[in-house]
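Inside the fold
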Protein chains: 4
Amino acid sequence: MQNLHRMKGESKDGGNPMKKTIQTAAVIGGDLRQVYAANALSQRKIEVLALGFSGELPLSPSVKLCQSEEELQGADLAVFPLGITGEKDTVRTPLGMQSVSFSKCLRALEKGAFLVGGKISAQEAEQAQELHRNIRDYLKEEKMAVLNAVPTAEGALELAMHELPCTLWKSRCLVTGYGRIGRILAQRLKGLGAQVTVAARRQDALAWAQAEGYEIVPIGEMEEILVHQQVVFNTIPAMVLGREQLRCLRKDCLIIDLASKPGGVDWEGAAKLGLSAHLALALPGKAAPQTAGEIIAETVLDMISEEQ
Amino acid sequence: MQNLHRMKGESKDGGNPMKKTIQTAAVIGGDLRQVYAANALSQRKIEVLALGFSGELPLSPSVKLCQSEEELQGADLAVFPLGITGEKDTVRTPLGMQSVSFSKCLRALEKGAFLVGGKISAQEAEQAQELHRNIRDYLKEEKMAVLNAVPTAEGALELAMHELPCTLWKSRCLVTGYGRIGRILAQRLKGLGAQVTVAARRQDALAWAQAEGYEIVPIGEMEEILVHQQVVFNTIPAMVLGREQLRCLRKDCLIIDLASKPGGVDWEGAAKLGLSAHLALALPGKAAPQTAGEIIAETVLDMISEEQ
Amino acid sequence: MQNLHRMKGESKDGGNPMKKTIQTAAVIGGDLRQVYAANALSQRKIEVLALGFSGELPLSPSVKLCQSEEELQGADLAVFPLGITGEKDTVRTPLGMQSVSFSKCLRALEKGAFLVGGKISAQEAEQAQELHRNIRDYLKEEKMAVLNAVPTAEGALELAMHELPCTLWKSRCLVTGYGRIGRILAQRLKGLGAQVTVAARRQDALAWAQAEGYEIVPIGEMEEILVHQQVVFNTIPAMVLGREQLRCLRKDCLIIDLASKPGGVDWEGAAKLGLSAHLALALPGKAAPQTAGEIIAETVLDMISEEQ
Amino acid sequence: MQNLHRMKGESKDGGNPMKKTIQTAAVIGGDLRQVYAANALSQRKIEVLALGFSGELPLSPSVKLCQSEEELQGADLAVFPLGITGEKDTVRTPLGMQSVSFSKCLRALEKGAFLVGGKISAQEAEQAQELHRNIRDYLKEEKMAVLNAVPTAEGALELAMHELPCTLWKSRCLVTGYGRIGRILAQRLKGLGAQVTVAARRQDALAWAQAEGYEIVPIGEMEEILVHQQVVFNTIPAMVLGREQLRCLRKDCLIIDLASKPGGVDWEGAAKLGLSAHLALALPGKAAPQTAGEIIAETVLDMISEEQ
């Protein structure tokens, strides 16, 4: 296990780093990430209640499985999944059999409890406020976004390795954008021996990429190098690979788009040209649910810690 | 494309680096590696004849598809696959429809032609000698073995990423053995942010691993660190992970055995303990047939070059 | 030569990338960085006039040495040194014999000329405005700050290697701060095989450091790991190593303070404890004047380019 | 301190890993390396006697300073310096005041004691045998040679950084030879962001360099790339940079020769061409005496361990 929290040096006593100690946490619904978030909290000597899970799951024996919303009562922390509700008031429970109601959970939880979820909708936030609960979004935390770049990058590498008939070693790879994902991905590609070029718009992003050891190209001039690329990883949420750019690519170039919707690829154009293009979203949960869950747990505990 | 040969600086004119220039090469049977070997030879201004391939393959248009052994006549180089014959005299042609006879090929090829194949059996060598042909084994070339360590390592990484619920980043990975594969694999794992320990027997191998930045452990003392590992990659063709060692591992430890048969894992023991253990052989052809084919082409040309 | 500009892909024709082409540049006073800035401009097909230099200097033959301010007249770009004037109106010319007057230069230069300098004082800016000239500070450019982190990091490494009786390999190094210098320095130290811990205050900085492969410690908790460190590199302009922290260090720990004044070390305390502590400022000009000069040239050309 | 031995996992109890435990070690003469070798032995719970040292030295308080050869009597291990004797029978003691006699030491030491030295001359070996003592050379140990490549590489980097007006980052560096030093040096240069090309003669060395991520060139064809190099590091003990090669270099190219005598540079030719060429020998002792001393101590203990 990765035990991200151990790296922080905060919990040298193996205990809970916060001033106002969390005693009991409820983890409610969601996919494997939530399972591993529950385990991570449990490892920190927090009593963990889990609702919305059943069957054969890699849950720690110390996590207590609940059957109803009422059992969450004593929790002073509640972690809802990334994308809380599906239909109306129903919490997404892809790993559970019974139905879980968001509002019942909210009512069961005490007012002082710290409530978090991911990608909270306006409606969900409103629902919480009507019940005089405040719920915070861990997806908005910079720390989480940075750490999530790692499983995203690994997921992208795995996909590239799977699709390519050649090694990443010695392959020319273009990374468009040098934000969180671009930066981590470029580092990993270089570590595998790929020849990495970073395309970005801003001078300071290009300076960073140059200082960290990559070839660089202003994004407006990248057409001329496209023909040499074996893979293009896009991380910019804008039309980076439009028809004109796609035409510059070799037929066997692989495109992996990591940017959130609408993404940066003219998909229709790519299909017409017979290019292999992949939209790879939500990779942390798919490629490394355990790490993604631990990142959620650590981020949430930091949010509490900073609150105080 | 990776164009390994370009890196060598030998063929700056884009031409053929050898003194006795190869004019025509025959690539006979085999899997995608042979297809890409044919392409790589073709890129070096060698006329390439391919026998034993049909249908939709990524062959260069400049490669000439042959239908019979007789058409190979003019070739001064013949490249047989890794594992030449299947039943008796029949060349393995998993990508072709018609049957190809090894002895007919040998007879069609001129005596002066340079013949190579991979993992040549005693019987195959004998068959060649009876026809007064000498056939050499490219798999015995040190250069090939070194370069093949790269697609092997990438294949192992892809498998590990696919199997693990967590990232390689921050994972504790043990690499047993520090020969070709161990050395390349350890480097890549470190590049991905894993915490790598190298276990080896010889003091100088341990010194190398230490100098190149890894934690080390003499193989006889590795039991005590096994419990911390998330993945164990074995590259030693000896019983490294016997029952005793397996018992030291965590239940969620992933085992990837890269050593040639019989490998280094007590498979029965691993199954009994419920451990996830994978025998990963012949990765270059599976994970990166293009690179593997280019490595074959380059190795063969070097063999000819050194012959002279 | 490093030809930083070539990496930008902007000047594929070897020419000048700007819309409004700079024909003639004046480089006035300063140290070796200015000499190399002159060379770098000259390599871009700009005619370069140099004032305030004499004797044996590594100036390109194509750079024209001037003897008086009046000769600068035709320039459409003027580059003043980092720290323009020494006494009153006199431009610093440590590499020249004659005296150069800032105001005479300003008068000689045409109004349309693009004027830049480094660390421009309020008085210097005022002086320029009185003559209806606008002068811009290249030191304020983010790009320059980022790129300068590289020669700074190398200078710090050289100093550490020089001072330490041991290798950086396997040494425990603490880098306080994960801004520009901290980030580049940590990367280089890891590349040399040091065991790097990053101490920072902000959660997102720690997350970045963690994602990029370092051990981390919140700065408030770093006391406990100080005892293990062989070198502490400070990059935070605040009292990071006060008396209390210094007392935690081993007697043979090396301290290198890279933060701008007042720096982050209790110098008196360090002296009393007999610790080896070094204030290392303005490293780019000292450790790598050529690279520093090329960075100035490239930054200035970008400033012009963005102006348009 | 680096505590190389801790990495070995041999001495988890902080004690002595050998079956036949060394109780007392004598460290006799030599430079700072011997001082640190004494400290390293002392850290392993071995009683250490030091002869040939005086004044202000960084010796551990637990090391016992001796004044005469007779005091060495109880030692079961004696470590002589690298280059044992200067004139006749006198042990080199650059850090000591009194004269130390090699033969008196040999006589004082018991017959069962394990005796080692570095670069033992035929005469010294004979002298030992006459007194029925066997003395072994730690410099011949592969492990020592490998580990010493690290301080050698760091010393070469420090020298290059000191001499170059530019950063190693983005500099084109040629490393000739891919043995111990070439391999470690290339790795470090890449870690600093240099563009590294490896020149070697053997195909398998080139394959290794290629697999580990460097540009490669067969040594016979390196003339054509010499003109682009900012630094050439030679590690081959043969005339690699003869007059013809030197003429291909740029005037500001830096040459660092790390090969043992006679080295690989036409020194006279280099002088005539005005090239900056440096012969850098015995770097471990100069650049990192502490690490070099720890490597000696560890190597010696391994020699004893393997003896048994």
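This write-up is about the structure you can find in this document. (Residues numbered from 1 in each chain as written. Chains lettered and ligands numbered in written order. Predicted model: local features only at pLDDT ≥ 70, side-chain atom pairs only at ≥ 80, totals over all residues. Heavy atoms only, no water.)

**Structural notes on the overall build of chain A**
The helix and strand tally for chain A stands at eleven helices and twelve strands. In terms of its C-alpha atoms, chain A occupies a principal-axis envelope of roughly 60 × 45 × 35 Å. Look at the contacts in chain A between residues 6 or more apart in sequence, and 59% of them connect residues 24 or more apart. For chain A, the accessible area works out to roughly 11900 Å², and carbon and sulfur atoms hold 50% of it. Charged side chains of chain A number 34 positive and 37 negative; the gap between the two group centres comes to 2 Å. (Helix = DSSP H or I, 4+ residues; strand = E, 2+ residues; numbered from the N terminus. Contact = heavy atoms within 4.5 Å. Areas by Shrake-Rupley, 256 points an atom, 1.4 Å probe, with all protein chains shown as cover. Lys, Arg positive; Asp, Glu negative; His and termini not counted. Charge placed at Lys NZ, Arg CZ, Asp CG, Glu CD.)

**Description of the sheet that holds strand β4 (residues 77–82) of chain A**
Residue and element names in this part refer to chain A. Pairing is parallel in the open sheet, where six strands are placed in the order β3-β2-β1-β4-β5-β6. The open sheet is flanked by β3 (64–66) and β6 (135–137), the only strands paired with a single partner. Taken over all neighbouring pairs, the strand axes of this sheet differ in orientation by 25° on average, direction set aside. Sheet analysis places strand β1 (residues 24–28) next to β4, joined by three bridges and oriented parallel. Counted as the bridge partner of A26 is A78 from β4. Against the sheet, helix α11 (residues 289–307) makes contact with β4, β5 (114–118) and β6, and its axis sits at roughly 140° relative to β5, the strand it touches most. (Pairing = 2+ DSSP bridges. Axes fitted to C-alpha atoms, helices over the stretch in contact; angles between N-to-C directions.)

**Remarks on the relation of the copies chain A and chain C**
With an axial shift of 0.0 Å and an RMSD of 0.0 Å, the rotation relating chain A to chain C amounts to 180°. With respect to symmetry, the two chain copies, as superposed, fit the operation of a two-fold axis. Closest approach to the rotation axis among the C-alpha atoms of chain A is made by Q187 of chain A, whose C-alpha sits 5.3 Å away. (Least-squares fit on C-alpha atoms with pLDDT ≥ 70 in both.)

**Details of the pairing of strand β12 (residues 276–279) of chain D**
Residues and elements named next belong to chain D. With four bridges connecting them, strand β11 (residues 254–257) and β12 associate as parallel partners. Bridge pairing links L254 to S276 in β12. In this view, the connection linking β11 to its parallel neighbour β12 by way of helix α9 (residues 267–272) has right-handed handedness. (Right-handed = clockwise from strand over helix to strand, strands pointing away.)

**A closer look at the relation of the copies chain C and chain B**
Both copies of the chain are related by one operation, a rotation about an axis with a shift along it. Mapping chain C onto chain B leaves a residual RMSD of 0.0 Å; the transformation is a rotation of 180° accompanied by 0.0 Å of translation along its axis. When you check the interface residues of chain C against chain B, 100% turn up at the interface there too, and the contact is symmetric in its surfaces.

**Here's the deal with the interface of chain C and chain B**
With seven residues of chain C in contact, the opposing surface of chain B contributes seven residues. When chain C packs against chain B, close to 500 Å² is buried across both sides, 47% of that on carbon and sulfur atoms. Along the contact surface separating chain C from chain B lie two residue pairs in polar contact (both at pLDDT 80 or more). Residue composition of the side of chain C that touches chain B, by class: three nonpolar, two polar and two charged. (Buried area = accessible area lost by both parts, 1.4 Å probe. Polar contact = N/O pair within 3.5 Å; in protein donor to acceptor, adjacent residues only side chain to side chain. Nonpolar A, V, L, I, M, F, W, Y, C, P; charged D, E, K, R; others polar.)

**Structural notes on the interface of chain A and chain C**
Across the contact, 35 residues belong to chain A and 35 residues belong to chain C. Taken over both partners, the interface formed by chain A and chain C buries close to 3000 Å², and the fraction arising from carbon and sulfur atoms is 52%. Here chain A is connected to chain C by two salt bridges. Of the charged contacts in the structure, one is a salt bridge between R183 of chain A and E212 of chain C, with a shortest N-O distance of 2.9 Å. Inspection of the region where chain A meets chain C yields eight residue pairs in polar contact (both at pLDDT 80 or more). Elements with a contribution of two residues or more to the side of chain A that touches chain C: α4 (142–163), α5 (180–191), α6 (203–211), β9 (215–218) and α11 of chain A. Of the residues belonging to the side of chain A that touches chain C, the class tally is 13 nonpolar, five polar and 17 charged. (Salt bridge = Lys/Arg side-chain N within 4 Å of Asp/Glu carboxyl O.)

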